Amino acid sequence: QKTNSQEAAENDFECEPGDRAKANNKVAQLQKRDFGDMEIIGQFNLGFILAKDNRNQNLWILDQHGCDEKFNFERMITSTVIHEQRLIAPLSLELSPSEEDCVLENMEMFEANGFRFLYDETKPPRQRLALTALPHSGSGGDGKRAVQFGPDDVGALCNLLGAHGASSVAGLTAGTGTGADGSGMFGNNAVRRHAGGT
């Protein structure tokens, strides 16, 4: 009488080479609901968590910093209310041509994110837009620092919307702003600022 493990071993041994390759190339996908079934095994290299998925018996190596960023970002998305700060005087912008087109074509998106612009068609290209309001998150009274967005974040939002181009406001390439997209070039992203980090 054969045991289940012997039958499984024989079945595995008897499978065609193509079938074995398919089994070895199986891709495991991690979804948010899987975290509830995980058992923490330990930490290594001061930045990675080893966890076993008890449901699927997969071993996962999780980037501790990445998990923290994702958690903070999702919390920020659900809890942050964008406020609009009107400026005393319009703040002139010098955008790349693609950025200027991006703002004009996506004005509703920019306004929904707290940016307001003055458009002057008499000015030369790249200088036709001026900021009249900037978004900020407000402190919310919960001890978190407010996130104040600036002119550089116009380029970051343009980059998210697909505009690529020459230097913009501070001589930065579109998308290298201070972090409206959560990936500011200088490590100054919105998640860290919202969460109270440096």
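Residues numbered from 1 in each chain as written. Predicted model: local features only at pLDDT ≥ 70, side-chain atom pairs only at ≥ 80, totals over all residues. Heavy atoms only, no water.

Within the secondary structure, Thr132 is located in strand β6 (residues 129-136). Overall, Thr132 belongs to the buried group, its relative accessible area being 18%. (Helix = DSSP H or I, 4+ residues; strand = E, 2+ residues; numbered from the N terminus. Buried < 20%, exposed > 50% of the residue type's maximum accessible area, 1.4 Å probe, protein only.)

With that settled, the discussion passes to the pairing of strand β2 (residues 48-53). Residues Ile49, Ala51 and Asp53 line the buried face of β2, whereas the alternating positions Phe48, Leu50 and Lys52 sit on a face that is not buried. Linking strand β1 (residues 38-44) back to β2 in an antiparallel pair, the connection comprises 3 residues, with Asn45 at a positive phi of about 55 degrees. When β2 meets strand β3 (residues 58-63), the two strands line up antiparallel, connected through 6 bridges. Each residue of the ladder has a partner; that of Ala51, found in β3, is Trp60. Counting the residues in the hairpin turn of β2 and β3 gives 4 residues, including Gln57, whose phi is positive at 60 degrees. (Pairing = 2+ DSSP bridges.)

Taken together, the buried positions of helix α4 (residues 97-105) are occupied by Glu99, Glu100, Cys102 and Val103. Seen from one end, α4 has its buried residues packed into an arc of 160 degrees, which puts them on one side. Contacts from the buried residues of α4 go to α5 (107-112), β5 (116-119), β6 and α6 (152-160). (Arc of directions from axis to C-beta. Contact = heavy atoms within 4.5 Å.)

Our next topic: the pattern of salt bridges. Pairing is possible between side chains of opposite charge, provided their charged atoms come close. All chains considered together, the criterion is met by 7 salt bridges. Here Glu84 and Arg86 are joined by a salt bridge, their closest N and O atoms 3.2 Å apart. On the basis of relative accessible area, Glu84 is assigned to the partly exposed category, the value being 30%. Among the salt bridges present, the one from Arg116 reaches Glu84, with a minimum N-O distance of 2.9 Å. Residue Arg116 is found in strand β5, and its partner Glu84 is found in strand β4 (residues 83-92); the two are separated by 32 residues along the sequence. Judged by relative accessible area, Arg116 falls into the partly exposed class, the value being 22%. A single network of salt bridges, built from pairs that share partners, joins Lys32, Lys70 and Glu74. (Salt bridge = Lys/Arg side-chain N within 4 Å of Asp/Glu carboxyl O.)

Attention shifts here to the sheet that holds β5. Here 3 strands make up an open sheet; going across it, the order is β4-β6-β5 and the pairing antiparallel. Both outer strands of the open sheet, β4 and β5, are each paired with one neighbouring strand and no more. Going across the sheet, the axis of each strand differs from the next one's by a mean of 15 degrees, ignoring polarity. (Axes fitted to C-alpha atoms, helices over the stretch in contact; angles between N-to-C directions.)

Relative to the helices and strands, Asp34 resides in the loop between α2 (17-24) and β1. According to the relative accessible area criterion, Asp34 is buried, its value standing at 2%. Each residue touching Asp34, except ones within four places of it in the same chain, is listed here: Gln29, Asp53 and Arg55.

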